[in-house]
Protein chains: 2
Amino acid sequence: MIAVSRPRFPFGKTRWAALVPLALVLAAACAPQGVDLAANYAQSWPVYAGSPEHNAAFDLPAGAPANLDKGVRWSFAEDGALPLDGPPKDVNVLRDRGAPVKTTQFLGNSVGVTVYRGTVYVESDLGHLYALDAVTGKALWTATADNALMGNPVIADGVVLVGSGDTGFSFEQVMAYAQKKPVVRGLGFSAIYGFDAASGKQLWRFATLGEAMPSLACLDHVCFEGTGDGNIYALEAKTGKLIWKTEVGGFASMSSANVFGGLVYIGFTNPNYIYALDAASGKVVWKQTVDRIANTGMGDNSPAVDTAKGIVIQNSVVDGDPKTRTMDSAVVAMEAKTGTILWETKLGRGPAPPAYKAGVSMVHGGVVYIGSPNTSHFFALDEATGKILWSMAIPEAGPAGAGRGSAAFFHGTVWLAAGPNLFAIDPKDGKVLGTHKPGGRFGIVNPVIVGGTLYADNSWGWVQAVPLDDVYTGWRSRR
Amino acid sequence: MIAVSRPRFPFGKTRWAALVPLALVLAAACAPQGVDLAANYAQSWPVYAGSPEHNAAFDLPAGAPANLDKGVRWSFAEDGALPLDGPPKDVNVLRDRGAPVKTTQFLGNSVGVTVYRGTVYVESDLGHLYALDAVTGKALWTATADNALMGNPVIADGVVLVGSGDTGFSFEQVMAYAQKKPVVRGLGFSAIYGFDAASGKQLWRFATLGEAMPSLACLDHVCFEGTGDGNIYALEAKTGKLIWKTEVGGFASMSSANVFGGLVYIGFTNPNYIYALDAASGKVVWKQTVDRIANTGMGDNSPAVDTAKGIVIQNSVVDGDPKTRTMDSAVVAMEAKTGTILWETKLGRGPAPPAYKAGVSMVHGGVVYIGSPNTSHFFALDEATGKILWSMAIPEAGPAGAGRGSAAFFHGTVWLAAGPNLFAIDPKDGKVLGTHKPGGRFGIVNPVIVGGTLYADNSWGWVQAVPLDDVYTGWRSRR
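What you are looking at is a predicted structure, and each value in this text was computed from that prediction instead of being measured.

Novice: Which residues make up the sheet that holds strand β18 (residues 284–288) of chain B, and what values do they have?
Specialist: Residues and elements named next belong to chain B. Read from one edge of the open sheet, 4 strands run β15-β16-β17-β18, paired in antiparallel fashion. Here the strands that pair on one side only, and so sit at the sheet edges, are β15 (258–260) and β18. For this sheet, the mean angle separating the axes of adjacent strands, direction not counted, is 25°. The sheet contact formed by strand β17 (residues 273–278) and β18 spans 4 bridges and is antiparallel. Counted as the bridge partner of L277 is V284 from β18.

Novice: How would you summarise the packing of helix α5 (residues 171–178) of chain A against helix α4 (residues 171–178) of chain B if you had to cite specific residues and measurements?
Specialist: One way to put it is that α5(A) packs onto α4(B) with a least axis distance of 8 Å and a crossing angle of 50°. As judged from the angle between their axes, α5(A) and α4(B) are oblique. The chirality of how α5(A) crosses α4(B) is right-handed. Residue-level contacts link F171(A), V174(A), M175(A), Y177(A) and A178(A) of α5(A) to F171(B), V174(B), M175(B), Y177(B) and A178(B) of α4(B). When the residues that make up the contact of α5(A) with α4(B) are grouped by side-chain class, the tally is 10 nonpolar, no polar and no charged.

Novice: Lay out the relation of the copies chain B and chain A with the relevant residues and their values.
Specialist: Taken as rigid bodies, chain B and chain A are interconverted by a rotation of 180° and an axial shift of 0.0 Å, the fit giving an RMSD of 0.0 Å. Each copy turns onto its partner about a two-fold axis.

Novice: Got a sec to walk through the interface of chain B and chain A? Specific residues and values, please.
Specialist: Listed per partner, the contact involves 39 residues of chain B and 38 residues of chain A. Around 3200 Å² of area is buried between chain B and chain A when both sides are counted, 66% of it from carbon and sulfur atoms. For chain B, the biggest contributors to the area lost against chain A are F171(B), L187(B) and F189(B); these three give 24% of the whole. Summed over the shared surface of chain B and chain A, the number is 6 salt bridges. Summed over the shared surface of chain B and chain A, the number is 11 residue pairs in polar contact (both at pLDDT 80 or more). Listed by contribution, the elements that provide at least two residues to the side of chain B that touches chain A are α3 (91–106), α4 and β10 (202–208) of chain B. Here the side of chain B that touches chain A is built from residues that sort into 17 nonpolar, 11 polar and 11 charged.

Novice: Explain the packing of aromatic side chains residue by residue, including any values.
Specialist: Inspection of the entire model under this criterion finds 41 aromatic pairs over all chains. Measuring from centroid to centroid gives 5.4 Å for F206(A) and Y233(A), while their planes differ by 70°, and the two rings are edge-to-face. Taken together, the residues span a long stretch of sequence, with F206(A) in strand β10 (residues 202–208) and Y233(A) in strand β13 (residues 231–236) at a distance of 27 residues. Per residue, the accessibility class of F206(A) equals that of Y233(A), and both read buried. Ring centres of Y369(A) and W390(A) lie 6.4 Å apart, and the angle between their planes is 50°; on these two criteria the pair is classed as tilted. Remark: W390(A) occurs in strand β27 (residues 388–393) and Y369(A) occurs in strand β25 (residues 367–372); sequence separation between them is 21 residues. Of the two residues, Y369(A) and W390(A), neither departs from the other in class, the shared state being buried. Sitting above the plane of the F189(A) ring, K89(B) keeps its charged end 5.6 Å from the centroid.

Novice: So what about the environment of P87(A)? Which residues, and what values?
Specialist: One can find P87(A) in the loop between β2 (74–77) and α4 (91–106). Taking the C-alpha atoms as reference points, P87(A) and G194(A), separated by 107 residues in sequence, lie 34 Å from one another.

Calculation rules
- Residues numbered from 1 in each chain as written.
- Chains lettered and ligands numbered in written order.
- Predicted model: local features only at pLDDT ≥ 70, side-chain atom pairs only at ≥ 80, totals over all residues.
- Heavy atoms only, no water.
- Pairing = 2+ DSSP bridges.
- Helix = DSSP H or I, 4+ residues; strand = E, 2+ residues; numbered from the N terminus.
- Axes fitted to C-alpha atoms, helices over the stretch in contact; angles between N-to-C directions.
- Parallel < 35°, antiparallel > 145°, perpendicular 65-115°, else oblique.
- Left-handed = near helix turned anticlockwise from the far one by under 90°.
- Contact = heavy atoms within 4.5 Å.
- Nonpolar A, V, L, I, M, F, W, Y, C, P; charged D, E, K, R; others polar.
- Least-squares fit on C-alpha atoms with pLDDT ≥ 70 in both.
- Buried area = accessible area lost by both parts, 1.4 Å probe.
- Salt bridge = Lys/Arg side-chain N within 4 Å of Asp/Glu carboxyl O.
- Polar contact = N/O pair within 3.5 Å; in protein donor to acceptor, adjacent residues only side chain to side chain.
- Phe/Tyr/Trp six-rings, centres within 6.5 Å; stacked < 30°, edge-to-face > 60°.
- Buried < 20%, exposed > 50% of the residue type's maximum accessible area, 1.4 Å probe, protein only.
- Lys NZ or Arg CZ within 6 Å of the ring centre and 35° of its normal.

As structure tokens, then:
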């Protein structure tokens, strides 16, 4: 994958010989620029957060440019971005509890970025898909959808796939729900798009009746999406051609699909189930649920898969109490092949947060890392037993709650984006090793780490590259 | 208001005398260009459709340019406009019943335009407010809001006021409704905006908790708006300063306010009432309803007021039958001062149309003109008794139904925009005198007539000026 090109000099042939020694020196100094930069980054991004485990952390290959190891630093303001040091939009009306999550859902970025072959791909609520140079932060291209883009772009066969839609119900659907009839979610136009990863050209658009908010998941040349019309679709990445469609009922919310062992995993609401479908045929192999699910529950959480152990981790808000306006969060581990529940762990009651109410899990080294915006705590669970190893209170979580996005594990350190902060956390005991406040606030955002750089977008509409050293300088010595 | 300026000629003083005869000829021919064009148009636009009666028809003043009497012709494509001869968006998924109304609500223009002092002001679903030259159709400026603009711009003190918001409910609100708790409508950011009518500069923005979809109504220097958070707001036009706020509960939908006799009239849903508030204090003077209201009922219809007779006309869908998926439409006439119902007339059962389900009334010469998308019929009712004088089946209404927008009465002719057509109708018997198909399809659009030109925007995202002669050449001889 590494293409070496010779540096070009603006000299004529006749002077070339005399300049060879200087040219060699320059060539050596400039070598990183001459190397195919893309080779230093992830070469595939098939699912949410880049891997079934949701651990978006990537070591640099040997010989990578020094600046990538040191970490690059830039900020990119999207269309409609708010001042980084200012409040969320309309805080005077929506208040401290509601304003941050409305800004997450309708202005900036809902979930984390994709960093693939030297390009950062970002979906924004205003319907834009940005492709940014990972080193400089400069926009390479911008594409636009008809409705909000709230997912993490996935890539297959050189095509960036995104789903578009919104969380709304029409009044007709509101009345239907009250009468216990099936409902479709999604107010505006909903569609799945394929854009050329290099040029941003729209290759195809697949319209759906209900919203297509979740991120897709891809296996080989086919990508999967659950939607607000109760269906799971398998589309050919290159063409958007429908391969199969399975109706499971209910609606998808923010449960991004995952793929492992020839199965597609995806959560749905109303009824609340996580489904495992045969990727080739679309046949439902198993479905699973937990008791007393609250709100959007199973359909709003992106399952993680430990591919080494064949375990699926899913989280749901449960036990909602309308009187106290509190709820709990239930993490379950299931056998990936059968859906058999291995353990269930409650993370504790707390005030029901607005909008997205759960935390996305990340699994690494036999430990499940997961937050709960109910209590604004972050947890480490033993993957084998579900036992809570430690928990930490997330500083400055605010009344909207924090702990929604999945963490990253890199160099013996857990990296978390929660509330207004980036944290470096000791995986042994949950002690905060370092903190950095880059401005704005994080929604369901997971940090993406490549070498010495942490990439994160935020609710305020910014994409940022931050050297890990800005968060915690001690990371290099940890393993 | 009429400023006469001399035509300018590119000639020096010395040659002027010799050219006087030619100059006089040219001056006569060019006179219209020299006159203040704005004086030929409405000089105020305080409420939906330009007048409390909803009759947006304006004679030209004496001496108006001949081309305005003849009628101008242009088409302006808004951002995201669909081909005029093509289908609605995503008809393959949304089908013939759903696609036209989704296109009305999320792509093009929901209601009619404002034509004020030579400028056409248009709100688009994509959040843009366009100011177009009424003679040429050229864009003078474009302003943008954070969410859809689905109303008819009103103007007070040189400020264009628009409300922004969407029809959606979050799942939390869906569940609250099922538990019979109060709900707030509006998913994304909601706000009322003031833009400078001449430059398009945003002067102020007043954020609201629930959607601000309806058109405002103005009295002197103050404008009124009902919103999805159950409030009616009075704002100073020039500054957006809150004058008063009255909580009535429920939510506004597309019921644009009206003003007469010092009272503000506005419909709300859940509970369904039309309210009359004292414009100065915000105190509720009376409220009224009808039996067995269906769907968004009172809150989705813009009341008309006959200012000569002191009568308020309001329409609601009623008697919804979930089994047959049919409903009726009930028109009521109320005493403007007291809300006392003078009569109620049902327009007939038919299939419940998708989205906006009622027709907006227009009153002229003792007759109420109103459509019903349930039956896709258009009616003339005796204003004194409510008796149906005649009805006509609207041709080419399609499965989405037609008859939503109010009609205009001009030169002894009723002008209607319904389905894909513009109609000239005989007010005596409902006979169609002329038809014109300008492309696309009309939502809740009323024709605006100025001299020989009919202005209309459509669901496909186009604004068009059409000579009345294109619809019906016989109009000039009618009175």
